[in-house]
Amino acid sequence: MVYFQDIQRWIIMLSIGILTALIGCSIVITIDIFADIKYSLLRKWTDHCVEEKNNCLYLPYLLWVSLNVVPVLIGSFLIAYIEPVAGGSGIPQVKCYLNGVKIPRIVRIKTLICKAVGVTFSVLGGLAVGKEGPMIHSGAVVAAGISQGKSTSLNLDTSTLQFFRQDREKRDFVSGGAAAGVAAAFGSPVGGVLFALEEGASFWNQSLTWRIFFGSMTSFFTLDMVLSVYRGIPGQLSNGGLLNFGNFDDATYAVWEMPLFLLMGALGGVLGALFNHVNYKLTVFRMRYITARPLKMLEAAIVAAVTASAGFLMIYLMDDCKPYGNGPTPNPIQMYCDDGEYNVIGAIWFQTPEQSVRSLFHDPPGSHQLSTLGVFFIIYFFLNCWTYGLSVSSGVFIPTLLTGAAWGRFIGTAMLNLFPDHELSDPGKYALLGAAAMLGGVTRMTISLTVILIEATGNLTYGFPMMVVLLVAKWVGDIFNEGLYDIHIQLAGVPLLGWDPPPLSATIYASQVMSYPVVTLTPTETVGNIVDILKSTTHNGFPIVDPNNEGAHSSRSFGKMRGLVLRSELIVLLQHKIFSELYGEWEGKVDMSLFRMAYPRYPDISGIFVSTTERDYHVDLVPIMNPTPTTCLHSTSMPQMFNLFRALGLRHMLVLNDNNEVVGMVTRKDLARFRVKHHGGGMENVRITEEVQ
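Being a predicted model, the structure only gives us computed values, none of them experimental. (Residues numbered from 1 in each chain as written. Predicted model: local features only at pLDDT ≥ 70, side-chain atom pairs only at ≥ 80, totals over all residues. Heavy atoms only, no water.)

With respect to the state of the cysteines
Point 1. All told, the structure shown has one disulfide when counted by the stated rule.
Point 2. One disulfide bridge connects C49 with C56, the sulfur atoms lying 2.1 Å from each other. On the S-S bond that ties C49 to C56, the torsion sits near -115°, and the link is left-handed. Side by side, C49 and C56 carry an identical accessibility label, which is buried. (Disulfide = S-S within 2.5 Å. Buried < 20%, exposed > 50% of the residue type's maximum accessible area, 1.4 Å probe, protein only.)

A closer look at empty space enclosed by the protein
Point 1. Per the stated rule, a full pass over the model turns up five cavities of 30 Å³ or more.
Point 2. Computed from the structure, the largest cavity encloses a volume of approximately 140 Å³.
Point 3. Along the wall of the largest cavity there are 19 residues; nearest its centre are Y39, G126, W349, Q351 and Y380.
Point 4. When residues of the lining of the largest cavity are traced back to their parent elements, those giving at least two are α1 (2–52), α2 (58–82), α10 (293–317), α11 (344–349), α12 (353–362) and α13 (370–387).
Point 5. Residues belonging to the lining of the largest cavity are distributed by class as follows: twelve nonpolar, six polar and one charged.
Point 6. Of the volumes computed, that of the second largest cavity is approximately 60 Å³.
Point 7. Y97, G100, V101, K102, D167, R171 and R651 are the residues that line the second largest cavity. (1 Å grid on protein atoms, 1.4 Å probe; cavity = no way out; pocket = protein on both sides within 12 Å on 5 of 7 lines; lining within 4 Å. Points joined across faces, edges and corners; volume = space filled by probe spheres on them. Helix = DSSP H or I, 4+ residues; strand = E, 2+ residues; numbered from the N terminus. Nonpolar A, V, L, I, M, F, W, Y, C, P; charged D, E, K, R; others polar.)

Some details on the pattern of salt bridges
Point 1. Applying the stated criterion across every chain yields a total of 16 salt bridges.
Point 2. A salt bridge links R444 to D478; the shortest N-O distance between them is 3.1 Å. Of this pair, R444 sits in the loop between α15 (427–443) and α16 (447–457) while D478 sits in helix α17 (residues 463–480), and the two are 34 residues apart along the sequence.
Point 3. When salt bridges with common partners are traced through the structure, they connect D6, R9, R168, E169 and R211 into a single cluster. (Salt bridge = Lys/Arg side-chain N within 4 Å of Asp/Glu carboxyl O.)

Considering the packing of helix α9 (residues 258–289) against α15
Point 1. Two elements in contact, α9 and α15, have axes separated by 7 Å at closest approach and are oriented at 40°. Taken as axis vectors, α9 and α15 run oblique relative to one another. α9 and α15 meet at a crossing whose hand is right-handed. Mapping the contact onto sequence places L260, F261, M264, G265, G268, G269, L271, G272, A273, F275 and N276 in α9 and Y430, L433, G434, A437, M438, G441 and V442 in α15. (Axes fitted to C-alpha atoms, helices over the stretch in contact; angles between N-to-C directions. Parallel < 35°, antiparallel > 145°, perpendicular 65-115°, else oblique. Left-handed = near helix turned anticlockwise from the far one by under 90°. Contact = heavy atoms within 4.5 Å.)

Some points on the side chain of T222
Point 1. Assignment of secondary structure puts T222 in helix α8 (residues 206–230).
Point 2. On the accessibility criterion, T222 (13% relative accessible area) is buried.
Point 3. Those residues in contact with T222 that sit more than four places away from it in its chain are I18, A21 and L22.

Details of the pairing of strand β11 (residues 662–667)
Point 1. Burial analysis of β11 places five of its six residues in the buried class, the great majority of the element.
Point 2. Counted between consecutive antiparallel strands, the loop separating strand β10 (residues 652–656) from β11 contains five residues, among which N660 sits at a positive phi close to 65°. (Pairing = 2+ DSSP bridges.)

Digging into the packing of α9 against helix α18 (residues 484–491)
Point 1. As a packed pair, α9 and α18 sit with axes 10 Å apart at the nearest point and diverge in direction by 25°. Relative to α18, α9 is oriented roughly parallel. For the crossing formed where α9 meets α18, the hand is right-handed. Residues F275, N276, N279, Y280, T283, V284 and M287 of α9 pack against L484, I487, H488 and L491 of α18.
Point 2. A breakdown of the residues in the contact of α9 with α18 according to their chemical character gives seven nonpolar, four polar and no charged.

Some details on the nonpolar core
Point 1. Formed by 126 residues in total, the largest nonpolar core has its most connected members in F245, W349, F361, F397 and L401.
Point 2. Ranked by residues supplied to this core, first place goes to α1 with eleven residues.
Point 3. Contact partners of L401, with chain neighbours within four places excluded, come to L243, F245, V357, A435, A436, L439 and L453.
Point 4. One finds V565, I571, L573 and I578 within the second-largest nonpolar core, a separate group that totals 26 residues. (Core = buried A, V, L, I, M, F, W, Y, C linked by side-chain atoms within 4.5 Å.)

Structural notes on a nonpolar patch on the surface
Point 1. A surface patch of nonpolar side chains, about 460 Å² in accessible area, is lined by L41, W45, Y58, L59 and L62.
Point 2. Elements that contribute at least two residues to the nonpolar patch include exactly α1 and α2.
Point 3. Considering each element in turn, the nonpolar patch owes the most residues, three residues, to α2.
Point 4. For L59, a relative accessible area of 34% translates into the label partly exposed. (Patch = residues over 30% accessible without salt bridge, like charges linked within 9 Å, V, L, I, M, F, W, Y side chains within 5 Å. Areas by Shrake-Rupley, 256 points an atom, 1.4 Å probe, with all protein chains shown as cover.)

Some remarks on the packing of aromatic side chains
Point 1. Throughout the structure, instances matching the rule amount to 21 aromatic pairs.
Point 2. For the pair Y61 and F312, a centre-to-centre distance of 5.3 Å together with 55° between the ring planes defines the contact as tilted. Residue Y61 is located in helix α2, and its partner F312 is located in helix α10; the two are separated by 251 residues in the primary sequence.
Point 3. Considering the side-chain rings of F261 and Y430, the 6.2 Å spacing of their centres and the 55° angle between planes classify their relative orientation as tilted. Remark: Y430 occurs in helix α15 and F261 occurs in helix α9; sequence separation between them is 169 residues. The burial state of F261 is the same as that of Y430; both residues are buried.
Point 4. Ring-pair connections join several aromatic residues into one group, and the members of that group are Y253, F261, Y430 and Y462. (Phe/Tyr/Trp six-rings, centres within 6.5 Å; stacked < 30°, edge-to-face > 60°.)

Quick word on helix α5 (residues 132–148)
Along an α-helix, residues three or four apart share an orientation, since each turn contains 3.6 residues.
Point 1. Taking 1.5 Å as the rise per residue, α5 with 17 residues should run 24 Å; its terminal C-alpha atoms sit 26 Å apart, in good agreement.
Point 2. Burial analysis of α5 places 15 of its 17 residues in the buried class, which makes it a mostly covered element.
Point 3. Following α5 by one or two positions, G149 has its phi on the positive side, about 65°. (Expected span 1.5 Å × (residues − 1).)

Looking at a negative patch on the surface
Point 1. Together, E51, E52, D319, D338 and D339 make up a negatively charged patch on the protein surface.
Point 2. Along the chain, the position of E51 falls in helix α1. (Lys, Arg positive; Asp, Glu negative; His and termini not counted. Charge placed at Lys NZ, Arg CZ, Asp CG, Glu CD.)

So, the side chain of E525
Point 1. If you trace the backbone, E525 turns up in strand β5 (residues 524–526).
Point 2. Within the local environment of E525, its side chain forms a polar contact with the backbone nitrogen of T522, the two atoms lying 3.0 Å apart. (Polar contact = N/O pair within 3.5 Å; in protein donor to acceptor, adjacent residues only side chain to side chain.)

In structure tokens form, the structure reads like this:
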């Protein structure tokens, strides 16, 4: 039986990789087709108005605004009205889920549809977004659905894979789905495994590592195969995922450049911290004032119009012309340039952000003026900051890479102007490291991000300098604030536990952190009492204690601990009326299949009818309770509790006194809202205040 289940795990992971890749292919092919039509139309009308000299430039401007606003409104409608949890990149939500926190609707099929369709419209709408981040969320949803063998949204149950209908198994598959999403997005199967390890799973084991790697490789291979057919080169496995940085054939760097790389890492950390701070203020403003759905759609439309306006003004007001053959994009515009030349700024704007990133990496030296790069960086920095957090499906990876590539290319161009004859003055190299520094400063990822970027470049030469700038960017950024994902997780009020316990918490004990009094049950309870408790509380776990509390040694104890029963288990018992007075007809039928059939959407207690006669019946909780729940003594230190929650993915822990009596309960919320402040040698424990009142 165990061997058969292990085979099923591998088959499920194979399916996850294939389906995740197919979703990625659908997104990228749709964007390629419609983006080419959009920018070809804009180029045609812009060049027509300039050539005819009939002062009709307002027409391509209005066309650009319209082609931005309409898709963005569609994408925003999907998020604002149909599935709000599909907004953003989804990485913070997946990170919370893998950390052991249940977030409603995060892995439903409706979320997947809104995420995939929404990010397609967001990119086509010209927003400063990328399609790669949502691929991680999409892979997680695919994994959650396939591994359960059922879909409550579609009212479909195959009655298979029931063994995997439990939180631990489902979380392992979601880790694999997130890794498959990274592999499909960046062509980085190893980076996907490391991403799931660094940013996702609370606990890890070797067999899980191999399965996740297998799923990531499957996703990468499938996507390469499909895209090779789409691009007319079937069988050529060199497409490199949805994002491909291209080949850095002449990759070189010298020892004397290392101080400059360190400075670029520090600059990336400062700019990333500034980005996170500004975005934090914007998010708080949105949470307070932009709460109505029409307002959310209006803000998204305004950002789309402003993005088109900023691009048009740059193209119209700035003079940066280069001859054809000097690295133009698929849709270059001439604007006011001479014959045989194209407008460099238009080449940056008239394409998707992914194509712009490759242009900054690989355009020949001298392709961009310092003024062009500087102005574009400032404008795109604030557009990127404004866009993340809108009511649209969007990723922050690509626009952040583009922002960093702009200032990195600026530094590289300045170096080229200072040392024109030096062979190592390559602007593309600095654009790559600037992109890495900026992304590291915003997300604070290190190991997985380094591997992802190395695999995306297809060249190990820049592995060491990228590692250096990412580490420095993280260290410098951490001086000012946390990473972008962690900030949004805190604003959402999710009790996410970090890697390490709070500082100076070694002298804080369970008795100071726990919640009490605790709602307890006895091994045999009346139906009426269970129903009343479930309706009057929102707790998910209830300690089972001895009915005789006369021997309690403390006024705060609730009896000797016998076990723990979950709310979901009590609801299933009530739903199927498994009462002691009726137990004869259920003899031998009360097993785990009852609970797995209801997983993961258990009925609400308000929808369960219990008659007056049944309220006097009894329920024997001993067969279903967990007789050995995770417990700790009241004198257990906070770091010990924290490590148990973090490593085991716990939701709650019983606190006992020296006589094995229940005195309280510690939940994730208790730990997450607990902070330790150090004031001039004194120490006091405080509760987190709400960021948004």
